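Listed below, chain by chain, are the residues.
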Amino acid sequence: MTTARFRLLERLRLRENQIFFALTIIIGVLCALAAVLFSLAIEGTRHLLFGLEPSSLRFLIVPTLVSLVTGFLLAKFFPEVRGSGVPQTEAAFHLQQGAIPARVPFGKFLTGVLCIGSGHSMGREGPCVQIGGGLASLLGKWLRLSPARVKDLVPVGAAAALSAAFNTPVAAVLFALEEIIGDMNAALIGSTVVASVTAVIVERSILGNEPLFHVPEYHLVHPAELLAYAALGLAGGIISVLFCKGLLRTRAFFLRMRASTTVFQPAMGGLIIGVVLIFVPQVMGVGYEYVDQALNGGLPLKLMLLLCFVKLAATIISYASGNAGGIFAPSLFLGAMAGGAVGVVIHRFAIFPTGDPGAYALVGMGALFAGIIRAPITSVFMIFELTQDYQILVPLMIANMLSFLISRRYQPRAVYHALLDQDHVHLPEPGGRVVAAGRLARDIMTHNLTFIPPGSSVEGAWKLIAENQSKCFLVGSQEMLAGLVTRQSIKEARQSGKASDPLTSLLVSGWTHVHPDHSLELALERFRQNPGLLPVLSRSGTHRVEGVITLETIMQFVETNREE
Amino acid sequence: MEPERRCSQCGQVIPWSQVECPRCAERGSFLESLPRETILLLYIPVLAVLFVVTGYAAKIYHSKQTALAKEWYLRGEADLEAGKARKAIEDLSEALVYSRSNRLYRLRLAQAMLAANQVEEARPYLLRLWEQTPGNGTVNLELARLAVRRGAFPEAVRYFHNAIYGEWDEAPPRRRREARLELAEFLLKAGDKTAAQSDLIAVAADLPPDPELQTRVGTLFLRAEDYSGALEIFRQALHLDPRHHTALRGAGEAAFQMANYREARRYLELAVRLNPQDVPAARRLEMTKLILSVDPLERGLSSPERTRRVVRAYQQAVERLRGCAQKRGEALEGQQPMSDLQTAYAQAMQMGPRVRETVLRRDSDLLMRTLELVFEIEELTARDCGPPADVDLALLLIARKRGGAE
């Protein structure tokens, strides 16, 4: 009897694949609910804080004071949830086996609602991606799935949340594949589709079938209009570069400020945004209502131009000052305004018949998205999904591709990756994300590390390395590498009477490094550029040393392989 | 450098490479004691509760949105009523922020834009509404007005017809009639009187007993030069309100144009009596009386009176002919080839000695030839020397009336 019951129970046990599939659906539902609640909470907070007709004083005070609170929360409790959330999710997927702490989705929800609801010019899609990825990771962990499976759940959750937040299930799947995973042929496509579709069903069952935008019927009125769309692509590319460079430089400026100011930086941004809102309240929050108006040709040319540039500046300030919110929606906002403005100008002055400015606003959204987010395929399908009209594909692809190429030419590093670089996190390039079949840097590095403390004098350092015959040494600690120094430079400094000088004055300039997943070929190439020592640094913290490659380790590797 | 992370439960430093505290992770949790299938099942009621909570929150949110949208809409309506179109645009845009699918708000916003002369901005809104509801009368009417502003004639007529045969939420017959009247006015402005007449006939066939409306339609008939239609409508209006000044004046004008001078005099006298300040009506009455006093073809005239009028008309015509020639610097007694004026003058001079009351009374054939010569001279001089005045104008109108009758 007991054996029979045991067998029955064993039959009822689900295999890992089955659990994963069931969890995919659950994640779809949960992420949709989270995304809907997030949107509702943002709107509710906005009404609560600003009311119907806010005064200038209220515009000034609300973002400043609320940013003080969020600044404290972000600095003390949720340091991982500043900014968009997309780069952090990518880092979690590629570098942390998809492990995301439980506080991340909840912290993102809270701080995102406060930041966007208090008027910061930021989007809700990026935070939704992080919330979705975090919840998926959490559910997988609670179910004791293998780390590889937990990792797979992150893009699934991200796609589901984005699908519910933006109401475009196909674009959400593509975004997860193109941006998060970095591989359009990923095996996870089935799971992301299931979660994305589930999420959109749940979202529509709660919020109804109303589309996010009321998109006008699209017509390519004259073949010469394709030239106009090409011009729009050029404009989109230039604005994308301006935005990316402006964002990165402003953020670098805030990052250079003293660590003690970190708590107050969001409030500094809040104060600036407050001043901006007094004069141009349309840039507040997500701003999709104005995108809708631009799509329907309801905004005059001057206002669209004004909103384009003020929104650009406001988003840069909000993001760079360390608030929680994304750049997904602002990029669409900028695209709609730039496209609408180009459309009006072309409509008025073109010698050939043209479509309505709303059509240009629509294509502009795709162009700016392709230029800023650097997900050109997602951008094409996103706009296609909004219009459900094949006619838009050719103009859209022309404008997107031009915008993408210009943006990549003048801002080679994609903005999400560049933001991670600023946080000392190096994501692998999309082409290298599929694990190389050949040897990697981690295969030839050694963990036997010798560090010279960075506070040492030249004489002190000489005493430490006297017994060591290496040509080059690490300065710093395993967690904080300061640089490299050569035996020769220490020796020469001693002989020229600079024995008491600080060692840091002798650091090698222009040294290179590799990450553990870099190929052996790249490691050897970079080794040649360094004076006999190549540090292998962690991707998730580029000051942390995971190992070193020296001539000895290379020789040892060659010997080992010869024996094999 | 990243900030140091410490476990909130045990206080141990968490390495950056690890997500959670390694010590606490080892201890295990409640969930780890449960089978995975049970945990999966536990997720379901949690999701159900979350679904209900989110649905409730969405419901509250939607009702709040609807209330806000209505508030902004009412503000916009008040601004539109007060003629503050730009403020109305702001308010109605806000209403649309909270209720983006509301077609009424969208329509009113487009109307506010039109009122503020933001034609280019209003058009996409209306086209979008038209795509959604191609049979909506109001939308078609606004698109027609927009086409009128843009000077797109065929487009305007098409939208007007869509509006006339379209769906209306309130008082469809009245709104359709109004649309048709607007179309007629547009056609009249565009100079297409024939098309306007057909629309006015359609309106007249179904007019309610409303003197104001009937007078408006009658006036349009007058502009379309359908005088019998106009007179008919004005008569209907006067039947309901015999002291309706505009209807009286319109009826007088219609009768005058139809050369029913006696009827015209009756209506115009009443109109002038009701409003002595109505100078055009008074002038028209004066002319009507003049025509009636000089018309030799007037019914019921005695033979002496008729011949006297013919003689006077002849003298007047010869004077007019001389004045016209002088104005043109043309000698009436010229050489071959003769101009029309010279030919007419020669005929008049040839006929002159016989144009006397005693002769004409006996010779009715001569009377008619004299009258024909008078009419010919009045037509000729009107052509060569511009419109006449006073008696000459009266004679010209009588000539034309006769020409029309023939």
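This is a predicted model, so every value here is computed, not measured. (Residues numbered from 1 in each chain as written. Chains lettered and ligands numbered in written order. Predicted model: local features only at pLDDT ≥ 70, side-chain atom pairs only at ≥ 80, totals over all residues.)

*Asks:* Can you walk me through the overall build of chain A in this structure?
*Replies:* Scanning chain A for helices and strands turns up 23 helices and five strands. What you see for chain A is a C-alpha radius of gyration of 26 Å, in line with the 24 Å of a compact globule of 564 residues. Projected onto its principal axes, the C-alpha positions of chain A cover 80 × 80 × 50 Å. The buried share of chain A, taken over its 564 residues, is 57%. (Helix = DSSP H or I, 4+ residues; strand = E, 2+ residues; numbered from the N terminus. Rg over C-alpha atoms; globule rule 2.2 N^0.38 Å. Buried ≥ 20, exposed ≤ 12 C-beta atoms within 10 Å, placed from the backbone.)

*Asks:* Help me understand the overall build of chain B, please; the structure alone is not making it clear to me.
*Replies:* Each helix and strand counted, chain B has 19 helices and zero strands in total. Compactness check: chain B gives a C-alpha radius of gyration of 40 Å against a globular reference of 22 Å for 406 residues, more than 25% above the reference. Summarising its shape, the C-alpha atoms of chain B cover approximately 140 × 50 × 35 Å along the three principal directions. Classification of the 406 residues of chain B by burial places 37% in the buried group. Here the analysis covers contacts within chain B between residues at least 6 apart in sequence; of these, 47% occur between residues at least 24 apart. (Contact = placed C-beta atoms within 7 Å.)

*Asks:* Mind showing me how you'd approach the domain arrangement of chain A here?
*Replies:* Where interface size is given, it is often the accessible area lost as the parts come together that is meant. By domain assignment, chain A separates into domain 1 (11-207), domain 2 (225-422) and domain 3 (435-563). A C-alpha centroid distance of 43 Å is found between domain 2 of chain A and domain 3 of chain A. (Domains from an automatic or database assignment.)

*Asks:* For this particular structure, what's the right way to read the interface of chain B and chain A?
*Replies:* In this complex, chain B contributes 32 residues to the contact, which on the side of chain A involves 40 residues. Elements represented by at least two residues in the side of chain B that touches chain A include exactly helix H2 (36-81), helix H3 (85-98) and helix H5 (119-132) of chain B. At 13 residues, the largest contribution of residues to the side of chain B that touches chain A is made by H2(B). For the side of chain B that touches chain A, a count of residues per class yields 17 nonpolar, five polar and ten charged. (Nonpolar A, V, L, I, M, F, W, Y, C, P; charged D, E, K, R; others polar.)

*Asks:* What is the right way to look at the domain arrangement of chain B in this model?
*Replies:* Domain assignment breaks chain B into domain 1 (62-118) and domain 2 (306-405). Computed over C-alpha atoms, the centres of domain 1 of chain B and domain 2 of chain B are 68 Å apart.

*Asks:* Just checking my understanding: could you explain the confidence of the model for chain A for this structure?
*Replies:* Any region with low pLDDT has predicted coordinates that should not be read closely. With 95% of its residues at a pLDDT of 70 or more, chain A has an overall mean of 88. Taken as a whole, residues 433-437 of chain A scores under 50 in pLDDT and shows six contacts with residues more than four places along the chain or in a different chain. (pLDDT = per-residue confidence, 0-100.)

*Asks:* So what exactly am I meant to see when it comes to the environment of Asp241(B) here?
*Replies:* Residue and element names in this part refer to chain B. Relative to the elements of secondary structure, Asp241 occurs in the loop between helix H11 (227-240) and helix H12 (245-257). Placed 69 residues apart in sequence, Asp241 and Val310 show a C-alpha to C-alpha distance of 41 Å. If we ignore the near neighbours within four places in the chain, the residues touching Asp241 are Pro211 and Ala247.

*Asks:* Explain the sheet that holds strand E1 (residues 451-452) of chain A here, please?
*Replies:* Residues and elements named next belong to chain A. Within the open sheet, the three strands sit side by side as E1-E2-E3. Their pairing is mixed. What marks the edges here is a single partner per strand, and that holds for E1 and strand E3 (481-486). Across five bridges, the pairing between strand E2 (residues 472-476) and E3 is antiparallel. Counted as the bridge partner of Gly476 is Leu481 from E3. (Pairing = 2+ DSSP bridges.)

*Asks:* For this particular structure, what's the right way to read the packing of helix H15 (residues 303-328) of chain B against helix H16 (residues 340-351) of chain B?
*Replies:* When two helices pack together, their arrangement is given by the angle between the helix axes and by the axis-to-axis distance. Residues and elements named next belong to chain B. Running from N to C, H15 and H16 point in directions that differ by 150°, and their axes come no closer than 11 Å. Relative to H16, H15 is oriented roughly antiparallel. Considering the relative orientation of H15 and H16, their crossing is left-handed. Residues Val318, Leu321, Cys324 and Ala325 of H15 pack against Leu341, Ala344, Tyr345 and Ala348 of H16. Broken down by class, the residue content of the contact of H15 with H16 amounts to eight nonpolar, no polar and no charged. (Axes fitted to C-alpha atoms, helices over the stretch in contact; angles between N-to-C directions. Parallel < 35°, antiparallel > 145°, perpendicular 65-115°, else oblique. Left-handed = near helix turned anticlockwise from the far one by under 90°.)

*Asks:* Please explain the pairing of strand E4 (residues 533-537) of chain A as it appears in this structure.
*Replies:* On any regular strand, side chains alternate: one points to one face of the sheet, the next to the other face. Residue and element names in this part refer to chain A. Counting buried positions along E4 gives five out of five residues, so the element sits mostly inside the fold. Residues Leu533, Pro535 and Leu537 of E4 are buried on one face, and the alternating residues Leu534 and Val536, pointing to the opposite face, are buried as well. In this structure, E4 lies alongside strand E5 (residues 545-550), joined through five bridges in antiparallel fashion. Bridge pairing in E5 links Leu537 to Val545.

*Asks:* Looking at this structure, how should I read the nonpolar core?
*Replies:* If you look at soluble globular proteins, the nonpolar side chains tend to sit buried side by side. Of all hydrophobic cores here, the largest spans 158 residues; its most connected members are Ile27(A), Cys31(A), Ala161(A) and Ala164(A). For this core, the domains that each give at least three residues are domain 1 (11-207) and domain 2 (225-422) of chain A. Residues in contact with Ala164(A), not counting those within four places in the same chain, are Cys31(A), Ala32(A), Ala35(A), Val36(A), Ala199(A), Val200(A), Val202(A) and Glu203(A). Core analysis: the next-biggest nonpolar cluster, separate from the first, contains 95 residues, Leu248(B), Val272(B), Leu321(B) and Ile398(B) among them. (Core = buried A, V, L, I, M, F, W, Y, C linked by C-beta atoms within 7 Å.)

*Asks:* How should the environment of Lys311(A) be read in this particular structure?
*Replies:* Residues and elements named next belong to chain A. The residue Lys311 is located in helix H13 (residues 301-320) in this model. The spacing of Lys311 and Ala160 is 151 residues in sequence and 28 Å in space, taken between C-alpha atoms. Those residues in contact with Lys311 that sit more than four places away from it in its chain are Ser121, Val283, Gly287, Pro330, Phe333, Leu334 and Met337.

*Asks:* It is not clear to me how the pairing of E2(A) should be interpreted in this structure. Could you clarify?
*Replies:* All names here are of chain A. Across the five residues that make up E2, a large majority, four, are buried. When E1 meets E2, the two strands line up parallel, connected through two bridges. Bridge pairing links Phe451 to Leu474 in E2. At this point the chain moves from E1, through helix H20 (residues 458-465), to the parallel E2, and the crossover so formed is right-handed. (Right-handed = clockwise from strand over helix to strand, strands pointing away.)

*Asks:* Mind showing me how you'd approach the confidence of the model for chain B here?
*Replies:* Residue and element names in this part refer to chain B. Summary statistics for chain B give a mean pLDDT of 85 and a share of 91% for residues scoring 70 or more. The secondary structure element of chain B with the lowest average pLDDT is helix H1 (residues 22-27), at 62, and the one with the highest is helix H10 (residues 211-223), at 93. Interface confidence for the predicted complex, given as ipTM, is 0.77, next to a pTM of 0.73.

*Asks:* It is not clear to me how unusual backbone geometry should be interpreted in this structure. Could you clarify?
*Replies:* Where the residue is not glycine, phi is negative for most of them; where a peptide bond is considered, it is trans in most cases. Even without a glycine there, the phi angle at Asn167(A) is positive, about 65°. With respect to the helices, strands and loops of the structure, Asn167(A) is situated in the loop between helix H7 (147-166) and helix H8 (169-181). Here Asn167(A) falls in the buried class, since 22 other C-beta atoms lie within 10 Å of it. The backbone phi angle of Glu225(B) is positive, close to 65°, even though this residue is not glycine. Its location among the elements puts Glu225(B) in the loop between H10 and H11. Residue Glu225(B) is classed as partly exposed on the basis of its 14 C-beta neighbours within 10 Å.

*Asks:* Would you mind going over the packing of helix H5 (residues 103-117) of chain A against helix H6 (residues 125-142) of chain A with me for this structure?
*Replies:* Residue and element names in this part refer to chain A. Their axes nearest at 8 Å, the elements H5 and H6 cross at an angle of 155°. Looking at the two axes, H5 sits roughly antiparallel to H6. As H5 packs across H6, the resulting crossing turns out to be left-handed. For the pair formed by H5 and H6, the contact residues are Val104, Pro105, Lys108, Phe109 and Gly112 on the first element and Pro127, Gln130, Ile131, Gly134, Leu135 and Leu138 on the second. Here the residues of the contact of H5 with H6 sort into seven nonpolar, three polar and one charged.

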